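Residue-level structural notes
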Amino acid sequence: LFGEKYGKIVRVVRMGDCSIEFCGGTHIDNTARIGLFKITSESSVAAGVRRIEGTTGRGVLDLLASKDALISDAARTLKVANPQDLSKRAAQLEGELKDTRRALEAANAKLSSAKLAAIIGGAKQVGAFKLLCARLDMKPDAARTLCDSIRADHPDMVAVFALVTDGKLNFIACCGADAVKAGAHAGNILREVSAVTGGRGGGRPDSAMSGGVDLSKIDEALAKAESLLPN
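Everything in this summary refers to the structure shown in the same document. (Residues numbered from 1 in each chain as written. Predicted model: local features only at pLDDT ≥ 70, side-chain atom pairs only at ≥ 80, totals over all residues. Heavy atoms only, no water.)

Remarks on the overall build of the chain
Counting its regular elements, the chain contains six helices and ten strands. Whereas a compact globule of 231 residues would reach a radius of gyration of roughly 17 Å, the chain reaches 33 Å, over 25% beyond that. Seen through its C-alpha atoms, the chain measures out along the principal axes to roughly 95 × 55 × 30 Å. Taken over 231 residues, the chain has a buried fraction of 24%. Counting only contacts in the chain whose residues sit at least 6 apart along the sequence, the fraction spanning at least 24 positions is 45%. Accessible surface computed for the chain: about 15700 Å², of which carbon and sulfur atoms make up 53%. For the chain, the distance from the average position of its 32 positive side-chain charges to the average position of its 27 negative side-chain charges is 4 Å. (Helix = DSSP H or I, 4+ residues; strand = E, 2+ residues; numbered from the N terminus. Rg over C-alpha atoms; globule rule 2.2 N^0.38 Å. Buried < 20%, exposed > 50% of the residue type's maximum accessible area, 1.4 Å probe, protein only. Contact = heavy atoms within 4.5 Å. Areas by Shrake-Rupley, 256 points an atom, 1.4 Å probe, with all protein chains shown as cover. Lys, Arg positive; Asp, Glu negative; His and termini not counted. Charge placed at Lys NZ, Arg CZ, Asp CG, Glu CD.)

A few points about helix α5 (residues 186-196)
Looking only at α5, the buried set comprises A186, G187, I189, L190, V193, S194 and V196. In this structure, the buried residues of α5 make contact with β7 (157-165), β8 (168-175), β9 (201-203), β10 (207-211) and α6 (218-224).

What to know about the nonpolar core
Core analysis: the largest hydrophobic core is formed by 24 residues, its most contacted members being V158, V160, F171, I189, L190, V193 and L229. Residue contributions to this core peak at five residues, all from α5. Setting aside anything within four residues of it in sequence, one finds V160 in contact with L132, C133, A134, I172, A173, I189, L190, V193, L222 and A225. Membership of the second largest hydrophobic core comes to 17 residues, among which are L132, M138, M157 and C174. (Core = buried A, V, L, I, M, F, W, Y, C linked by side-chain atoms within 4.5 Å.)

Side note on a nonpolar patch on the surface
On the surface, Y6, V10, V12, I20 and F22 cluster together into a nonpolar patch covering about 450 Å² of accessible area. On the secondary structure map, I20 appears in strand β2 (residues 19-22). (Patch = residues over 30% accessible without salt bridge, like charges linked within 9 Å, V, L, I, M, F, W, Y side chains within 5 Å. Salt bridge = Lys/Arg side-chain N within 4 Å of Asp/Glu carboxyl O.)

No statement about biological role is implied by the geometric values presented.
Okay, here's the thing in structure tokens:
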């Protein structure tokens, strides 16, 4: 084999007609001495090279005993009398989990609607725009959903939110269709707002997100939004 170094004597091991190998490792004189054989894993160790690991003889019996114990423990945990019913019980639990998730999503939707109504109440009229600025303890994904609702239901609104999650500051802004037509630009607004806290970012006229640094200047940053609206 290219790149390999061998001595004067090279050991060659044959397994029937299916395998002939150069090897200096431990071997037996007859494959029947192996007894039981079970492959436990197969993986890649280099380009074009695979590794197969397994166990033999009594090791297979130990492996089977370990798996039996694992199945029994799983059956007890899932309260299944017969381990043969484990797959059926797993499918049942998956269905129950899906139902629970749907119920949770419905509850979160109602809660989000209630939150939105309360937040919208804080908007004020600034020229042709309804301006809404607030600090929210909300993750960015949830804030994006909130902004989608604002754009859909309040076309003349410009909303700017400061989001604080785990000590990290982000800003998100959105502008309804009428607000954009009147000259509002979410990306430009956030560029100036986030700069007050030492951050930066921007985005589209109707939606934008940016980062912030100094949490102590959140109120100052939000207050600047009004001066950035077109007259």
